[in-house]
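Spelled out, the chains give:
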Amino acid sequence: MIKGEVLRAVGDLLLDAHGCYIVKTLMERMPPAELQALVNTIAEDESLVFSMCTHSLHTRRAVQYLLDTVDSTFISRLIVARIEEVSTTQQGCIVAQRAMDCAKEPFKTQLFDAVLDRFIEFATDPFANYVVQHMLEVGDSNRITDTIQPLIRGRIRELSCNKFASNVIEKCLFHLTPKAQHDILVEMYDVPEEVIHAMLQDSFGNYIIQSSIALASAKDLHFIDGRLRAALQTTPYGSKIEARLDRRLKGKQVPTRSAQIGASSKSTRSGPQPRSPPNGTVSPPNPRSPKSANNGAAPEGEEAW
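Here we summarise the structure given alongside this text.

What counts, and where the lines are drawn
- Residues numbered from 1 in each chain as written.
- Predicted model: local features only at pLDDT ≥ 70, side-chain atom pairs only at ≥ 80, totals over all residues.
- Heavy atoms only, no water.
- Helix = DSSP H or I, 4+ residues; strand = E, 2+ residues; numbered from the N terminus.
- Buried < 20%, exposed > 50% of the residue type's maximum accessible area, 1.4 Å probe, protein only.
- Contact = heavy atoms within 4.5 Å.
- Areas by Shrake-Rupley, 256 points an atom, 1.4 Å probe, with all protein chains shown as cover.
- Polar contact = N/O pair within 3.5 Å; in protein donor to acceptor, adjacent residues only side chain to side chain.
- Salt bridge = Lys/Arg side-chain N within 4 Å of Asp/Glu carboxyl O.
- Arc of directions from axis to C-beta.
- Core = buried A, V, L, I, M, F, W, Y, C linked by side-chain atoms within 4.5 Å.
- Axes fitted to C-alpha atoms, helices over the stretch in contact; angles between N-to-C directions.
- Parallel < 35°, antiparallel > 145°, perpendicular 65-115°, else oblique.
- Left-handed = near helix turned anticlockwise from the far one by under 90°.

We now examine the overall build of the protein. Check the secondary structure of the protein and you find 21 helices and 0 strands. Split into buried and exposed, the 305 residues of the protein put 46% on the buried side. Contacts spanning at least 24 positions in sequence make up 72% of the contacts within the protein whose residues lie at least 6 apart. Counting only carbon and sulfur atoms, one obtains 52% of the accessible surface of the protein, whose full area is about 14900 Å².

A separate point is the side chain of H134. Structurally, H134 can be placed in helix α12 (residues 128-138). A distance of 3.1 Å separates a polar atom in the side chain of H134 from a polar atom in the side chain of D101.

Residue P106 follows E105 across a cis peptide bond; omega there is 5°. Within the element layout of this structure, P106 appears in the loop between α9 (92-102) and α10 (107-117).

Take the pattern of salt bridges next. Once the charged atoms of two side chains with opposite charge are near each other, the side chains can pair. The tally for this structure, following the rule as stated, stands at 14 salt bridges. For R98, the salt bridge goes to D101, with nearest N and O atoms at 3.7 Å. Placement of the pair is R98 and D101 together in helix α9, with a separation of 3 residues, close to one helical turn. Accessibility expressed as a relative area gives 7% for R98, which makes it buried. Here E158 ties to R155 by a salt bridge, and the two come within 2.9 Å at their closest N and O atoms. E158 gets classed as partly exposed once you look at its relative accessible area, which sits at 45%. On the accessibility criterion, R155 (29% relative accessible area) is partly exposed. If you follow the salt bridges from partner to partner, you end up with D225, R229, E242 and D246 in one network.

Turning to helix α3 (residues 19-29), a few remarks are in order. Along α3, the residues that are buried comprise G19, C20, V23, L26 and M27. Down the axis of α3, the sector holding all buried residues measures 120°, keeping them to one side.

Membership of the largest hydrophobic core comes to 81 residues, with the highest contact counts inside it found for L66, I75, M135, M188 and L228. Element by element, the count of residues in this core is highest for α9, at 6 residues. For L228, the contacting residues outside a window of four places in its chain are Y189, I196, L200, I209, I213 and I241.

Okay, the side chain of Q91 next. Considering the arrangement of structural elements, one finds Q91 in the loop between α8 (83-87) and α9. With near-sequence residues (within four places) excluded, Q91 lies in contact with C53, T54, S56, L57 and R60.

With that out of the way, let us pick up the packing of helix α16 (residues 178-189) against helix α18 (residues 205-215). Put simply, α16 and α18 touch, their axes get as near as 12 Å, and they point 135° apart. Here α18 runs oblique to α16, going by the angle between their axes. Crossing geometry of α16 relative to α18 is assigned as left-handed. On the side of α16, the interface is formed by L185, M188 and Y189, while α18 contributes I208, I209 and S212.

And the structure:
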């Protein structure tokens, strides 16, 4: 009786903060044939699937269950078709990341292509930048490099000084091919000293400089040293970046911004830990909250030099 009533109202329940957990629990206990029949019913309503992807963390978790357990081609197809609408929402960007891990071909390739087509737009978006970061982490390095290198060429300093795109540029220094990483560093540093000085003064560009020191090859590190050292003498807190540079030149490792954020988060949390999204997907903060407003301070969870 309960099962019948739930199934008759499944559309409304899936969008309710509490009702979606009832449906998810029911799906977990259904025989495969009945589960597939229910999934087919959900798949017929595109507006319902879109709302489940973007409505709230409760509905998003129901979508993640479907991605993990059933043939979720209908979800992948919808995300590809409405990639911008999904990726630029707080919950949708997490669904898009999870779909990159779970989608089958040809939808996986189509999903990556849809993100690459909007690379700059997504890199500078408060939520979609997380989708781009995840693509850089899990995608084919050579293919992604070939596509995005022409897009970012000539815009490295602009993107490095953007609150959201700076995270993407740091991931590029991690995951693009070595030749592309070298080209990024040349564009950053083969400029007049006043341009480097301006980047050092920027809250976000400053962190990209720190990350470039942490991630550069030995050859590139000496190039950075030759271009950066003079600018550090006239930069507030330049002595700390200089010490970071000296440490690398001595063959020692220094943490990147991502590592510092992770360490800071672990050291400041107390009480029960929230469950992390699966497979390394990133839950974005809400950029509309006062703490994440760009008021010239260092990004949330970080300490300025």
